[in-house]
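Working through the structure, step by step
The residues making up each chain are set out below.
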Amino acid sequence: MRTDLEQIFRAAYPRVVAIAARVLGGREAAEDVAQEVFLSFGRSAVPGPEAPGWLAVAAAHTALNHLRADRRRVAREAGEQHVDVPDVADTVVGLEERRRVREALGRLPRRQATALVLRHSGLSYAEVAAALDISPASVGTTVRRAESALREELIRHASPL
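All chains use their own residue numbering, which begins from 1 and follows the written sequence. Whole-chain, interface and lining totals are the exception, using all residues; otherwise, since this is a predicted model, local features are given only for residues with pLDDT of at least 70 and side-chain atom pairs are given and counted only at 80 or more. Hydrogen atoms and water are omitted, and side-chain values are computed over all heavy atoms in the structure.

With respect to the helices, strands and loops of the structure, Arg2 is situated in the segment before helix H1 (5-24). Relative accessible area decides the class of each residue, using a 1.4 Å probe on protein chains only: under 20% of the type maximum gives buried, over 50% gives exposed, and in between gives partly exposed. Residue classification places Arg2 among the buried residues on the basis of a relative accessible area of 13%. In the analysis that follows, any N or O atom pair within 3.5 Å is treated as a polar contact, provided that within protein one partner can donate a hydrogen and the other can accept it, and provided that, for residues neighboring in sequence, both atoms belong to side chains. At 2.8 Å, the side chain of Arg2 forms a polar contact with the side chain of Asp4. Contacts were defined at the residue level, with two residues in contact if any of their heavy atoms lie within 4.5 Å. Not counting chain neighbours up to four residues away, the residues in contact with Arg2 comprise Ile8, Phe41, Gly42, Ser44, Ala45, Val46, Pro47 and Gly48. Under the scheme used here, helices are H or I runs from DSSP no shorter than 4 residues and strands are E runs no shorter than 2 residues, and both carry numbers assigned from the N terminus.

Following this line, the structure appears as structure tokens:
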């Protein structure tokens, strides 16, 4: 067991949950991801000073894995039963758009999805660069390319009205 686990957990837990929630769209699922991430971290040999970056990337990767697993499960279940389309309302439209973005994010290459999630979770360019092991100067380009790829995925999988 790591001797620094409690201190790092207390400092990093809110950020880990926030990153996972941004990907998954809900705090409960994000807390499950945080639990997995900290269990992995507790067994790791990651040096304490590298913990924030490692935890941020692990949160994004683990949440993306959950997103992809959920997509596969929904596809299997959709084959088993017919799903009725709910009435259109502002709330439902908003939920549907967020679902579409999450699904598109799950189809992006892992590095692009991670860069996008980390940057839009409030990490600075320097923090994203450290977490992804890239130069800070290339973070902006990486994120812009990821945003472009996300837009293309949304267009490619847009449902006709």
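The nonpolar side chains of soluble globular proteins are, as a tendency, buried together. In terms of nonpolar packing, the biggest core is built from 46 residues, with Ile19, Val23, Leu55, Leu105 and Leu118 touching the most fellow members. Those elements giving two or more residues to this core turn out to be H1, helix H2 (27-43), helix H3 (51-80), helix H4 (90-107), helix H5 (110-120), helix H6 (125-132) and helix H7 (136-156). Contacts of Leu105, omitting those with residues within four sequence positions, involve Val23, Leu64, Arg68, Ala113, Leu116, Val117 and Leu150. Buried Ala, Val, Leu, Ile, Met, Phe, Trp, Tyr and Cys residues form a nonpolar core when they are joined through side-chain atoms within 4.5 Å.

A fitted line through C-alpha atoms serves as each axis, taken over the contacting stretch for helices, and the angle formed by two N-to-C directions is quoted from 0 to 180°. Where H5 contacts H6, the axes come no closer than 10 Å and their chain directions differ by 150°. Taken together, the axes of H5 and H6 are roughly antiparallel relative to one another. The interaxial crossing formed by H5 with H6 has right-handed handedness. Contacts between H5 and H6 involve Arg111, Thr114, Ala115, Leu118 and Arg119 from the former and Tyr125, Val128, Ala131 and Leu132 from the latter. An angle below 35 degrees is read as roughly parallel, one above 145 as roughly antiparallel, one from 65 to 115 as roughly perpendicular, and any other as oblique. Definitions for this section: a left-handed crossing has its near helix turned counterclockwise from the far helix by less than a right angle. A right-handed crossing has that turn clockwise.

The next thing to look at is the side chain of Ser121. By secondary structure assignment, the location of Ser121 is in the loop between H5 and H6. A relative accessible area of 17% places Ser121 in the buried class. Within the structure, Ser121 has its side chain in polar contact with the backbone oxygen of Val117 (distance 2.6 Å). The residues touching Ser121, leaving out its near neighbours within four places in the chain, are Ala18, Ile19 and Arg22.

Inspection of the secondary structure puts Val46 in the loop between H2 and H3. Given the relative accessible area of 11%, Val46 is considered buried. Residues Val46 and Arg2 lie 44 residues apart in sequence; the distance between their C-alpha atoms is 9.9 Å. Sequence-distant contacts of Val46, that is, excluding residues within four places in its chain, are made with Arg2, Phe41, Ala51 and Trp54.

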